[in-house]
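Overview (structure and organization)
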Amino acid sequence: DVEFLSPLLHDGYPPAVDESNRMTLQTKPVLLYLPGFDGTVLAPFLQFPSLGEEFDVRAMRVSMDDRSTFDELKAEVVGYVKRECAASG
């Protein structure tokens, strides 16, 4: 399974939660992290809070049992970016 999430919100990081509640998170540009071979969002986790000061940090997480091809993963990313662009108007 492929999932797109806000890692700071997902883990309850207080500044990101406060911004989300105040609806100010949506005014920031989106930064989309794409994982490496491990498929997790753990590698850059220490950088997410400082990146979250300027960006609405999002990440793609791929489950360990997912066997998608590169082209399938690429299609997931393209679809997500298009949906986000359409939603932001």
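Everything quoted here is computed from the prediction, not taken from an experiment.

Glancing now at the environment of serine 68. Counting through the fold element by element, serine 68 comes out in the loop between strand E3 (56-62) and helix H4 (70-88). On the basis of relative accessibility, which here comes to 27%, the residue serine 68 falls in the partly exposed class. Polar contacts involving the side chain of serine 68 include one to the side chain of aspartate 66, which spans 2.6 Å.

Next up on the list: the packing of aromatic side chains. Throughout the structure, instances matching the rule amount to two aromatic pairs. With 4.1 Å between their ring centres and 5 degrees between their planes, phenylalanine 4 and tyrosine 80 make a pair best called stacked. With a gap of 76 residues between them, phenylalanine 4 in strand E1 (residues 2-5) and tyrosine 80 in helix H4 connect regions that are remote in the sequence. The same class applies to phenylalanine 4 as to tyrosine 80, namely buried.

About the criteria used
Residues numbered from 1 in each chain as written. Predicted model: local features only at pLDDT ≥ 70, side-chain atom pairs only at ≥ 80, totals over all residues. Heavy atoms only, no water. Helix = DSSP H or I, 4+ residues; strand = E, 2+ residues; numbered from the N terminus. Buried < 20%, exposed > 50% of the residue type's maximum accessible area, 1.4 Å probe, protein only. Polar contact = N/O pair within 3.5 Å; in protein donor to acceptor, adjacent residues only side chain to side chain. Phe/Tyr/Trp six-rings, centres within 6.5 Å; stacked < 30°, edge-to-face > 60°.

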